[in-house]
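Per-entry structural report
Here is how the chains run, residue by residue.
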Amino acid sequence: GQLTAGILAFTFARNAADSDGITQVLDSLSPEAVEKFQRFRQLGEVRNKQDQQNVLLALVGLRLAPFFPFSAGNYLLGGATRVPLSLFTIATLFGCIVSNFISTSIGASGAEILWGGNHR
């Protein structure tokens, strides 16, 4: 569910960002604001293998960061950056697996503490 929703949101945002509506919004901004947006949008561009590794690590870090909203990240990464869908998918899958493992481990440990192993 998380991966599918993430890919759909990412793809929707990417398509919306490439539409005429965004062009109209950008045309209404000051040249300085457009320049800042274009620089921000270059985040995640992959030119070589090292860039690919750096972007993947950064995305996994964002997926595991408790302060970065998962849903908002899907739209932001899709619409405002040049992160490739393949790297987004791999990072999201890995991040979901790790975060779900951590959550269930914490829950199981909490149950063990509360019920002393007699909770079945």
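See above for the structure.
Residues numbered from 1 in each chain as written. Predicted model: local features only at pLDDT ≥ 70, side-chain atom pairs only at ≥ 80, totals over all residues. Heavy atoms only, no water.

The interhelical angle for the contact between helix α1 (residues 2-17) and helix α5 (residues 70-80), taken along N-to-C directions, is 35°, at an axis separation of 7 Å. The element α1 and its partner α5 pack so that their crossing is right-handed. Residues Q2, A5, G6, A9, F10, F12, A13, R14 and A17 of α1 lie in contact with α5, whose contacting residues are F70, N74, Y75, L77, G78 and G79. (Axes fitted to C-alpha atoms, helices over the stretch in contact; angles between N-to-C directions. Helix = DSSP H or I, 4+ residues; strand = E, 2+ residues; numbered from the N terminus. Left-handed = near helix turned anticlockwise from the far one by under 90°. Contact = heavy atoms within 4.5 Å.)

Our next topic: the nonpolar core. Grouped together as the largest cluster of nonpolar side chains are nine residues: F10, V55, L59, V60, L77, V83, L87, F88 and A91. The set of elements that each furnish at least two residues to this core consists of α4 (49-64) and α6 (85-115). Excluding its chain neighbours within four sequence positions, the residues that come into contact with V60 are A91 and F94. (Core = buried A, V, L, I, M, F, W, Y, C linked by side-chain atoms within 4.5 Å. Buried < 20%, exposed > 50% of the residue type's maximum accessible area, 1.4 Å probe, protein only.)

For the rest of this paragraph, the subject is the environment of V34. Considering the arrangement of structural elements, one finds V34 in helix α3 (residues 31-41). Not counting the four nearest positions on each side in its chain, V34 is found in contact with L26 and L29.

Further remarks concern the packing of aromatic side chains. Counted under the stated rule, the structure contains two aromatic pairs. Look at F10 and F88: their rings are 4.3 Å apart centre to centre, the planes differ by 25°, and that puts the pair in the stacked class. Of this pair, F10 sits in helix α1 while F88 sits in helix α6, placing them 78 residues apart in sequence. With respect to burial, F10 and F88 carry one shared label: buried. Between F12 and Y75, the ring centres sit 6.5 Å apart and the planes meet at 90°, which makes this aromatic pair edge-to-face. Of this pair, F12 sits in helix α1 while Y75 sits in helix α5, placing them 63 residues apart in sequence. We classify F12 as exposed; its relative accessible area is 56%. Classification of Y75 as partly exposed rests on a relative accessible area of 45%. (Phe/Tyr/Trp six-rings, centres within 6.5 Å; stacked < 30°, edge-to-face > 60°.)

To continue, consider the environment of L8. Looking at where L8 falls in the secondary structure, it is placed in helix α1. When the C-alpha positions of L8 and G78 are compared, they lie 9.6 Å apart, and in sequence the two are 70 residues distant.

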